[in-house]
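Spelled out from the first residue to the last, the chains are:
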Amino acid sequence: MGKTYERIDGRLRTFIEAQPLFFTATAPLSGDGTVNLSPKGLTGSFAVLDERTVAYLDFAGSNAETIAHLRENGRITLMWCAFQGPPNIVRVHGHGEPVFRDDPRFKELLGHFATVDPTPHGLRAIIVVTAELVRDTCGYAVPYMSYDEDRDLHARRFAREDDLSLNEYFTKKEYIATSLDGLPGLPLPLPPSTV
């Protein structure tokens, strides 16, 4: 049923790039730490950089668990499910790194997301993942569901913020600078936006 792949290309790449939703899973090294699982969407906010590297835009939110876990240990799994068409699940197990707005690589990486305007979403970082294991499985139990459109609530909410007010928002949130388990999260103050 399942198969392991050496690279993200051909049918696999076409599949994951076509999905409007994917999930990220991370965890701290501590055995009693909090495992994090997050849905990710917004058309254009995910990109395959090469056969072993993918990236996605990390926008403002009420916590920064993924960033905290990646800063501690780098472990991450991304998962896509076929909710339409032939059944399929693809997982990319790998090593992730948050590239923050003041990193010299940030601007070049941002060029991979030309179809999305990150400005109204409070872009915090770009998460870059190097694949160590790529697998697909049948997905026979995944239900059929239809995709209608992206929600506009996130953009409407964070379009009201500039760098100063976004920093204030992050500072007020309990789990932005520090994770649920007390790990370093998003470095604050947020560097000025270059977009």
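Above this text you will find the structure in question.
Since this is a predicted model, take the numbers as computed values, not measurements. (Residues numbered from 1 in each chain as written. Predicted model: local features only at pLDDT ≥ 70, side-chain atom pairs only at ≥ 80, totals over all residues. Heavy atoms only, no water.)

Our next topic: the overall build of the chain. The helix and strand inventory of the chain stands at five helices and eight strands. Listing the helices and strands of the chain from first to last along the sequence gives β-α-β-β-β-β-α-β-β-α-β-α-α. The C-alpha atoms of the chain give a radius of gyration of 17 Å, which matches the 16 Å a tight globule of 195 residues would have. For the chain, the spread of C-alpha atoms along the three principal axes comes to 50 × 40 × 30 Å. Across the 195 residues of the chain, 45% fall into the buried class. Of the contacts formed within the chain by residues at least 6 apart in sequence, a portion of 73% connects residues at least 24 apart. (Helix = DSSP H or I, 4+ residues; strand = E, 2+ residues; numbered from the N terminus. Rg over C-alpha atoms; globule rule 2.2 N^0.38 Å. Buried < 20%, exposed > 50% of the residue type's maximum accessible area, 1.4 Å probe, protein only. Contact = heavy atoms within 4.5 Å.)

Scanning the entire structure with this criterion turns up nine salt bridges. Across the pair Asp 163 and Arg 101 runs a salt bridge, and its minimum N-O distance is 2.8 Å. Taken together, the residues Asp 163 in helix α5 (residues 163-172) and Arg 101 in the loop between β7 (89-100) and α3 (106-110) connect sequence positions 62 residues apart. In this structure, the salt-bridge partner of Arg 156 is Asp 152, at a minimum N-O distance of 3.4 Å. (Salt bridge = Lys/Arg side-chain N within 4 Å of Asp/Glu carboxyl O.)

Turning next to unusual backbone geometry. Between Leu 188 and the following residue, Pro 189, the backbone shows a cis peptide bond with an omega angle of 0 degrees. Assignment of secondary structure puts Pro 189 in the segment after α5. For Leu 42, which is not glycine, the phi torsion reads 70 degrees and is therefore positive. Looking at where Leu 42 falls in the secondary structure, it is placed in the loop between β3 (36-40) and β4 (46-50).

Next up on the list: the environment of Asp 32. As for its position among the elements, Asp 32 is in the loop between β2 (22-26) and β3. When the C-alpha positions of Asp 32 and Ala 141 are compared, they lie 30 Å apart, and in sequence the two are 109 residues distant. At a separation of 2.4 Å, a polar atom in the side chain of Asp 32 contacts the side chain of Ser 30. (Polar contact = N/O pair within 3.5 Å; in protein donor to acceptor, adjacent residues only side chain to side chain.)

This paragraph deals with helix α2 (residues 65-72). At 3.6 residues per turn, the α-helix brings residues three or four places apart onto the same side. Here α2 lies mainly inside the structure; six of its eight residues are buried. As for α2, its buried residues are in contact with β2, β3, β5 (53-59), β6 (75-81), β7 and β8 (123-137). Immediately downstream of α2, the backbone of Gly 74 shows phi near 80 degrees, a positive value.

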